[in-house]
Amino acid sequence: MVTMGPDNKHQSNKGSAIYKFWLLHVGFWIFVSAVSFLSLTLWYGPYDWSHLLHMLLQAVFGLALTIVLYFGFIRIWHANFSYRTILGLSMVIAVSFVWTFFRIEAFILLTDQQTEWGEFGGWHFASMFIFLCWTGLFHGIRYNDLLQTEHSIMLKAEAETREEQLKRIRAQSIARDAQIKMLRYQLNPHFLCNTLNAINSLVEVDEPEKAQKMTVQLSRFLRHSLDNNPDTKITLRNEVSAINLYLEIEKTRFGDRLGLDFKIEDEAQIALVPSLLLQPIIENSMKHAISQNELGGMICLEARVREGRLILELSDTGSGSKIGKSKMESSKGRGVGLRNTNERLKALYQQSFSIDIDILASGGLKTTISIPWEYASMNTNFVKSEGILSDQNELHI
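The rules behind the values
Residues numbered from 1 in each chain as written. Predicted model: local features only at pLDDT ≥ 70, side-chain atom pairs only at ≥ 80, totals over all residues. Heavy atoms only, no water. Helix = DSSP H or I, 4+ residues; strand = E, 2+ residues; numbered from the N terminus. Buried < 20%, exposed > 50% of the residue type's maximum accessible area, 1.4 Å probe, protein only. Contact = heavy atoms within 4.5 Å. Areas by Shrake-Rupley, 256 points an atom, 1.4 Å probe, with all protein chains shown as cover. Pairing = 2+ DSSP bridges. Salt bridge = Lys/Arg side-chain N within 4 Å of Asp/Glu carboxyl O. Phe/Tyr/Trp six-rings, centres within 6.5 Å; stacked < 30°, edge-to-face > 60°. Lys NZ or Arg CZ within 6 Å of the ring centre and 35° of its normal. Core = buried A, V, L, I, M, F, W, Y, C linked by side-chain atoms within 4.5 Å. Axes fitted to C-alpha atoms, helices over the stretch in contact; angles between N-to-C directions. Parallel < 35°, antiparallel > 145°, perpendicular 65-115°, else oblique. Left-handed = near helix turned anticlockwise from the far one by under 90°. Nonpolar A, V, L, I, M, F, W, Y, C, P; charged D, E, K, R; others polar.

*Asks:* What am I meant to see in the overall build of the protein chain here?
*Replies:* The number of helices and strands found in the protein chain is twelve helices and seven strands. Out of the 397 residues in the protein chain, the part that is buried amounts to 38%. In the protein chain, the share of contacts with a sequence separation of at least 24, taken over all contacts with a separation of at least 6, comes to 73%. Here the protein chain displays about 23100 Å² of accessible surface, and carbon together with sulfur accounts for 60% of that area.

In structure tokens:
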């Protein structure tokens, strides 16, 4: 397939315009001749060869005069309206006069009738009417061409604008997805480092069975992370199942020191949330509360739906000592996971979310997340496609 460049397209459009001009131009005079023959020659008769030749000659000469008129109109096309109107009518009157003079003189020469000069006014009026019709046709075609050109330019500009908008949307989507993936994958290295250190500690104290169990649990949790796209949403039920995989690892480390209290309403079970949204917050509680308290502690999760929003409340019993909010928000405190979660929610929900942090009287931390409630049908096909874990994989609380 040959692709036409801008110059070739311009030449093609120019050739098409010239072809259309000649087609309409010649067609106009054929039409005038046909009307003249049917309404004058046949009506008044006789229609011998001299009358037919006269009709042909006046059409050819009229065609030549309208070409002159065409170039005259083109020359004054960009002048102001008044100037164009006055000069255009003057040219029409002059050309009509010349054509009328030629028609009468040719008629007298071909038919030997000498009385036609007395009817010059009638002949001239008909001539003016014909050239005014041609003038209207010329301007109609000219304005139609300009309108079509302007329409094509507008369509091209709109297409280019839409293409640019699509490019921007695609670029924004790619950047958003990259941001979500980056924020999501920041979670695993930190957790992985802690878990591997715990496994190493179990090996050092000669507890291979616990180390092996924790290794299997870690493998299952990482497999779940790899199988779920970070920029997709899963049901809260599936999110809790993933959290249970994580907590099984921590249960191996802390045993009875770790208490859990999850209260999730039925409507909240099928709400959609970002994959592993709760893991960094619970990991913060494990690191800064449970592991720092000799007696361990409790991690609580409450989920409910109120007024079209999903409310998630996560809290812990603290480390046993008071903690300032400035320390909690610092890069060495709990702020890393919270900031990460905040950035993920901002990328997914823009301004339609909130995170509130409160320090409890016990020194623990309560994090409240509010996001739009999106419903997910819990039919079998959805469960299978979402990869929800079976009940035996959940940590019964």
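*Asks:* Hey, could you run me through the pairing of strand S7 (residues 365–372) in this one?
*Replies:* Side-chain positions along a regular strand alternate between the two faces of the sheet. For S7, a buried count of six out of eight residues is recorded, marking the element as mostly surrounded by other parts of the structure. Of the pairings in the sheet, the one linking strand S6 (residues 354–359) to S7 comprises six bridges and is antiparallel in character. Directly across from Ile-357, in S7, lies its bridge partner Thr-367. Where S6 hands over to S7, the hairpin turn is made up of five residues, of which Gly-363 adopts a positive phi near 95°.

*Asks:* Could you clarify how one ought to interpret the pattern of salt bridges in this entry?
*Replies:* Two side chains that carry opposite charge are able to pair once their charged atoms sit near each other. Applying the stated rule across the entire model yields eight salt bridges. Between Glu-265 and Arg-306 there is a salt bridge; the shortest N-O distance is 3.1 Å. Residue Glu-265 is located in the loop between strand S2 (258–264) and helix H8 (266–269), and its partner Arg-306 is located in strand S4 (residues 297–306); the two are separated by 41 residues in the primary sequence. The residue Arg-304 makes a salt bridge to Glu-302 at a minimum N-O spacing of 3.9 Å.

*Asks:* Where do I start with the packing of aromatic side chains in this structure?
*Replies:* Describing an aromatic ring pair means giving the distance of the ring centres and the angle of the ring planes. Inspection of every chain in the model, using the stated rule, returns 13 aromatic pairs. Aromatic side chains Tyr-70 and Phe-138 sit 5.6 Å apart centroid to centroid with 85° between the ring planes, which places their arrangement in the edge-to-face category. Taken together, the residues span a long stretch of sequence, with Tyr-70 in helix H2 (residues 49–75) and Phe-138 in helix H4 (residues 120–185) at a distance of 68 residues. Take Phe-138: its relative accessible area is 7%, and that puts it in the buried class. One aromatic cluster in this structure is built from Tyr-70, Phe-71, Phe-73, Trp-77, Trp-134, Phe-138 and Tyr-143. The ring of Trp-77 carries the charged tip of Arg-84 above its face, separated from the ring centre by 4.4 Å. Over the ring of Trp-99 we find Arg-103; its NZ or CZ atom is 4.5 Å from the centre of that ring.

*Asks:* Is there a simple way to think about the nonpolar core in this case?
*Replies:* Where a protein is soluble and globular, its nonpolar side chains tend to be buried together. Judged by nonpolar contacts, the single largest core of 45 residues is most densely connected at Leu-236, Leu-278, Ile-282 and Leu-312. Sort the elements by how many residues they give to this core and helix H7 (residues 236–254) lands first, with nine residues. For Leu-278, the contacting residues outside a window of four places in its chain are Leu-236, Glu-239, Ile-243, Leu-301, Leu-312 and Leu-314. Counting residues in each nonpolar core, the second largest holds 16 residues, with Ile-76, Met-91, Val-92 and Trp-134 among its members.

*Asks:* What's the story with unusual backbone geometry in this structure? I'm lost.
*Replies:* What you tend to see is this: most non-glycine residues have negative phi, and most peptide bonds are trans. Not every positive phi belongs to a glycine, and Glu-307 is a case in point at roughly 55°. Tracing the chain through its elements places Glu-307 in the loop between S4 and strand S5 (309–316). In this structure, Gln-350 is a non-glycine residue whose phi angle is positive, near 55°. Along the chain, Gln-350 falls in the loop between helix H11 (335–349) and S6. By relative accessible area, which is 48% here, Gln-350 ends up partly exposed.

*Asks:* Explanation requested: the packing of H2 against helix H3 (residues 81–111) in the structure shown.
*Replies:* Packed helices, taken two at a time, are described by their axes: the angle between them and the distance between them. Close contact between H2 and H3 brings their axes to 10 Å; oriented N to C, the two are set at 160°. By the angle class used here, H2 and H3 are roughly antiparallel. The two elements H2 and H3 cross, and the hand of that crossing is right-handed. Of the residues in H3, those touching H2 at Ser-50, His-51, Leu-53, His-54, Leu-57, Gln-58, Phe-61, Gly-62, Leu-65, Leu-69, Gly-72 and Phe-73 are Gly-88, Met-91, Val-92, Val-95, Val-98, Trp-99, Phe-102, Arg-103, Ala-106, Phe-107, Leu-110 and Thr-111. The residue inventory of the contact of H2 with H3, partitioned by class, reads 15 nonpolar, eight polar and one charged.

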